[in-house]
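Chain by chain, the residues run as shown.
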Amino acid sequence: MDLVKLFHDVVETVPAYRAFLAERGIDPAQIQTFQDFVGLPMTSKDTYIRRHPLPDLCRHGVIGDIVAVSSGSTGEPAFWPRTAADEHAVAARFEEVFRDSFAARERRTLAVVCFALGTWVGGLFTLACCRRLAELGYPVTVVAPGSDKREILRVVPELAPHFDQVVLLGYPPFLKDVIDAGLPWSRWNVRLVTAGEVFSEEWRTLVASRAGIADPVRGIASLYGTADAGVLGNETPLSVEIRRFLAGRPELARELFGESRLPTLVQYDPEARFFEEHEGTLLFTGDNGIPLIRYHIADDGGLIPYERMLAFARDHGLEPPAPGPERPFAYVFGRSRFTVSYYGANVYPENISVGLEQPEVAGLVTGKFVMEVAEDSRRDRHLTVTVELAPGEQPSDGTAEAVGASILAQLRRLNSEFAHYVPEARQSPVIRLRKTGDPDYFPPGAKHRYTR
């Protein structure tokens, strides 16, 4: 990617970016080298996207031919126009998974879109990219029941026998719910494409076993994407091999990633998306429906060059058997500082706070809480909120029920992604009550963090 050329093209065609530079006293003519480029100020949703009218963010002030919507922290929507050309670029990530992991060039493939359909980015974007594969000559047929589990379970048994393999595309916990419904998955050569959340290698192994997937490395692939710019990277057999190796060696994961927990590990094409690290988070530059220059997506993570990654693996006894593209790696923990991701929906602290501020429960709690997504012994995931009780209050089932009902009502009201992405049966949060000053969750005097 010629970053300087892209920069000047965006300056010339995007009114909002010209204004952004002018406000900061930056002369675009002075940006002539890579070092000049990486010295430019970062853009973000707050400093750039929300400060300009939507047309001004687009080339020549013209909104693209389709618009996706994502929820903000208070339910305020963000709008992301894109064009068919944007989808063609992103479809390359889908193509790599279908070709290299699923051998879809040689197999008649049924792609079942299980992401939520509607204005949200996942479902329609995935549908468009799968149809693009058909245009490119892949023997792929798409059906899009969306996140309607009953419809998935109705259409798959009817269609699956006519294909060599079935690919289910959706959020990890939802796909597990579908697999656990008990259809004879092993008859249909199932594959999974996931996005939106980090999952464990134990999860991959368990779900592969229940779906009859003999090779978890090539049978389940995760995509890293955002509403802002579509798919930014994808798991490859190589990245999965390395991740599975690290899963049993937390000390090596900490050495490589700075934390013992496993991030999503993908490879990305620097010609399509240019990544940078900034204080443990990621920036990217890309030519999208809204062109983005040094855009701060606030995902915790980092970058590892290809040669460094393979040298690290070999130095610690792994000679990866799976070939892979010679492209850099990105690792992504998600936005753990601000949100938790549940069924692909970002759940924000503000959503929970409003639930605790309702009159029926406000007197029972302090307003402090910790939210996390916990996995039980069946590898099912649950949105769990640990709440600090007001001084003198004692934990009780009645209080837990009232707090849970209030939080759920506000989540459904404020967060459209939560309301539409998360199956209704999985929406009720698990409430854990703790007394004031609980040392594990609410130690006195410590700076409080609302997520784990």
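Residues numbered from 1 in each chain as written. Predicted model: local features only at pLDDT ≥ 70, side-chain atom pairs only at ≥ 80, totals over all residues. Heavy atoms only, no water.

**Student:** So what's going on with empty space enclosed by the protein? Which residues, and what values?
**Tutor:** Under the criterion given, the structure shown has two cavities of 30 Å³ or more. Volume-wise, the largest cavity comes out at about 60 Å³. Looking at the lining of the largest cavity, the elements with two or more residues in it are α5 (84-101) and β8 (230-234). With three residues, the single largest contributor to the lining of the largest cavity is α5. By volume, the second largest cavity is sized at about 40 Å³. Of all elements in the fold, only β1 (66-71) and α6 (121-135) reach the threshold of two or more residues within the lining of the second largest cavity. Among the elements that take part in the lining of the second largest cavity, β1 stands out by supplying three residues, more than any other. Split by residue class, the lining of the second largest cavity holds six nonpolar, two polar and one charged. (1 Å grid on protein atoms, 1.4 Å probe; cavity = no way out; pocket = protein on both sides within 12 Å on 5 of 7 lines; lining within 4 Å. Points joined across faces, edges and corners; volume = space filled by probe spheres on them. Helix = DSSP H or I, 4+ residues; strand = E, 2+ residues; numbered from the N terminus. Nonpolar A, V, L, I, M, F, W, Y, C, P; charged D, E, K, R; others polar.)

**Student:** Can you lay out the pattern of salt bridges for me, pointing to particular residues and giving the numbers?
**Tutor:** Evaluated as defined, the whole model comprises 26 salt bridges. When the shortest N-O distance is used, the salt bridge between R294 and E276 registers 3.0 Å. Here R294 is found in strand β12 (residues 292-304), whereas its partner E276 is found in strand β10 (residues 274-278), with 18 residues between them in sequence. E276 carries the same exposure label as R294, and that label is buried. Across the salt bridge formed by R432 and E372, the nearest N and O atoms sit 2.8 Å from each other. Within this pair, whereas R432 is found in strand β18 (residues 430-434), its partner E372 is found in strand β16 (residues 365-375), the two being separated by 60 residues in sequence. (Salt bridge = Lys/Arg side-chain N within 4 Å of Asp/Glu carboxyl O. Buried < 20%, exposed > 50% of the residue type's maximum accessible area, 1.4 Å probe, protein only.)

**Student:** Can you explain the nonpolar core? Please cite residues and give values.
**Tutor:** Membership of the largest hydrophobic core comes to 116 residues, with the highest contact counts inside it found for Y17, F98 and L168. Those residues in contact with F98 that lie beyond four places of it in its chain are A103, A104, T109, A111, C130, L133, V140, V167, L169 and V193. (Core = buried A, V, L, I, M, F, W, Y, C linked by side-chain atoms within 4.5 Å. Contact = heavy atoms within 4.5 Å.)

**Student:** Now, about helix α8 (residues 172-179): what can you tell me, with residues and values included?
**Tutor:** Summarising burial for α8: eight of the eight residues are buried, a large majority. Regarding α8, the residues found buried are P172, P173, F174, L175, K176, D177, V178 and I179. Tucked into the core, α8 has its buried residues touching α7 (149-159), β5 (165-170), β6 (190-195) and α9 (201-211).

**Student:** Which residues make up the packing of α5 against α6, and what are the values?
**Tutor:** Two elements in contact, α5 and α6, have axes separated by 9 Å at closest approach and are oriented at 75 degrees. Taken together, α5 and α6 sit at an angle that is classed as roughly perpendicular. Where α5 approaches α6, its residues E87, H88, V90, A91, F94, E95 and F98 are matched on the opposing element by F125, T126, A128, C129, C130, R132, L133 and E135. Its residues placed into classes, the contact of α5 with α6 shows nine nonpolar, two polar and four charged. (Axes fitted to C-alpha atoms, helices over the stretch in contact; angles between N-to-C directions. Parallel < 35°, antiparallel > 145°, perpendicular 65-115°, else oblique.)

**Student:** I'd like a rundown of the pairing of β6, residues and numbers included.
**Tutor:** Within β6, six of the six residues are buried, leaving the element largely enclosed by the surrounding structure. Burial of β6 is two-sided: the residues V190, L192 and T194 facing one way and the residues R191, V193 and A195 facing the other way are all buried. Bridging between β5 and β6 involves five bridges; their strand directions are parallel. Bridge pairing in β6 places G170 opposite T194. Relative to strand β7 (residues 220-226), β6 runs parallel, the two being bridged by four bridges. Among the inter-strand pairings, A195 is bridged to a residue of β7, identified as L223. (Pairing = 2+ DSSP bridges.)

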